[in-house]
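# Working through the structure, step by step
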Amino acid sequence: MLKFSGLGDELSLIFLLLFVFCANFAFADDQLRYLVDLQGVHGQRIGTATLTQAVRTQPGIQVSLKLSGLNPGLHAMHIHEFAKCAPPDFVSAGAHFNPSGAHHGQSSPVQPHPHAGDLPNIEVLGDGTSHAVVTNPYLTLSDGPFSVFSNGGTSLIIHAGVDDMETDPAGNAGARIGCGEINRVTL
Ligand SMILES: [Cu+2]
């Protein structure tokens, strides 16, 4: 009786260790996700952006938008350097997030480029909504100098105009019409 009982305990321990190992393994490969609330120039809510990173240990994020109340057409969008959205001009968000000291734009004639915080233009439909999904290969939701949470966080900015993808410092993208703070602070 005692023998069997002892064996049972050992098996339980082995299964427990296996469970802990597998749980940690699954956690390590789990994707990262962060929700950003965006506001317009009057401080009104204009929607959300979901940032996801498929693999915790590899840079590269996806930005999925659910926006409304914007002017139809193409709009520039970037990650800016400070997690501070003060309407109406959102100048508080600072310049583009640029930890590598690069020039702006994928089509810049000058090396190195682009800014880590550069993103593709997004399309707003005729009804003022956007469900655009764009990707960025440089940024991470984890740690390090390319983390959107580094130095107290960053922000997601949407502009009135289109990014020409080559003009320093910001692609002639015009006024800032939307802003969402990206930081680890939860209220
Ligand atoms: Cu911008």
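See the structure above.
Bear in mind that the values here come from a model prediction, so they are computed numbers and not experimental data. (Residues numbered from 1 in each chain as written. Predicted model: local features only at pLDDT ≥ 70, side-chain atom pairs only at ≥ 80, totals over all residues.)

With that settled, consider the overall build of the protein. Of the regular secondary structure elements, the protein holds one helix and nine strands. Secondary structure elements of the protein occur, N-terminal to C-terminal, as α-β-β-β-β-β-β-β-β-β. Within the protein, the proportion of its 187 residues that are buried is 33%. Counted over contacts in the protein with a minimum sequence separation of 6, partners at least 24 positions apart contribute 57%. (Helix = DSSP H or I, 4+ residues; strand = E, 2+ residues; numbered from the N terminus. Buried ≥ 20, exposed ≤ 12 C-beta atoms within 10 Å, placed from the backbone. Contact = placed C-beta atoms within 7 Å.)

Let us now look at the pairing of strand β5 (residues 77-80). Taken residue by residue, a regular strand's side chains alternate between the two faces of the sheet. In β5, alternate side chains face the same way, and those of M77 and I79 on one face and H78 and H80 on the other are all buried. The pairing of β5 with strand β8 (residues 154-159) spans four bridges and is antiparallel. Among the inter-strand pairings, M77 is bridged to a residue of β8, identified as I158. (Pairing = 2+ DSSP bridges.)

Here V148 is to be found in the loop between β7 (133-136) and β8. Residue V148 is classed as buried on the basis of its 26 C-beta neighbours within 10 Å. C-alpha separation for the pair V148 and I79, spaced 69 residues apart in sequence, amounts to 8.0 Å. The residues contacting V148, other than those within four sequence positions of it, are I79, L139, L141, T154 and I182.

With that settled, the discussion passes to the sheet that holds β8. With respect to topology, seven strands assemble into an open sheet ordered β5-β8-β9-β1-β2-β3-β7, the strand pairing being antiparallel. Sheet topology places β5 and β7 at the edges, where each strand pairs with a single neighbour. The mean angle between the axes of side-by-side strands here comes to 25°, regardless of whether they run parallel or antiparallel. (Axes fitted to C-alpha atoms, helices over the stretch in contact; angles between N-to-C directions.)

Residues I61, V63, L65 and L67 line the buried face of strand β3 (residues 61-67), whereas the alternating positions Q62, S64 and K66 sit on a face that is not buried. Relative to β3, strand β2 (residues 45-53) runs antiparallel, the two being bridged by six bridges. Paired with G47 across the two strands is L67, which belongs to β3. With four bridges joining them, β3 and β7 adopt antiparallel strand pairing. Within the sheet, the bridge partner assigned to V63 lies in β7 and is V134.

Each neighbour pair has its own omega, and for P87 with P88 the value is 10°, a cis peptide bond. Along the chain, P88 falls in the loop between β5 and β6 (122-124). Between D168 and P169 the backbone carries a cis peptide bond, its omega angle lying at -5°. Looking at the element boundaries, P169 is found in the loop between β8 and β9 (176-182). Positive phi, normally seen in glycine, also occurs at N151, with a value near 55°. Tracing the sequence through the fold places N151 in the loop between β7 and β8. For N151, a count of 12 C-beta atoms within 10 Å puts it in the exposed group. Even without a glycine there, the phi angle at N172 is positive, about 50°. Take N172: it is sitting in the loop between β8 and β9.

Residue position: L139 is located in the loop between β7 and β8. Not counting residues within four places of it along the chain, the set of residues in contact with L139 comprises P59, I61, I79, A116, F146 and V148.

Attention now goes to the nonpolar core. Most often, soluble globular proteins have nonpolar side chains that are buried together. Counting 34 residues, the largest nonpolar core has L38, A49, M77, L156 and I157 as the members making the most contacts within it. Of all the secondary structure elements, the ones that give two or more residues to this core are β1 (32-40), β2, β3, β5, β6, β8 and β9. Examining the composition of this core, we find that four residues originate from one element, β3, more than from any other. If near-sequence neighbours (up to four positions away) are discounted, M77 is found in contact with L119, I122, L156, I157 and I158. (Core = buried A, V, L, I, M, F, W, Y, C linked by C-beta atoms within 7 Å.)

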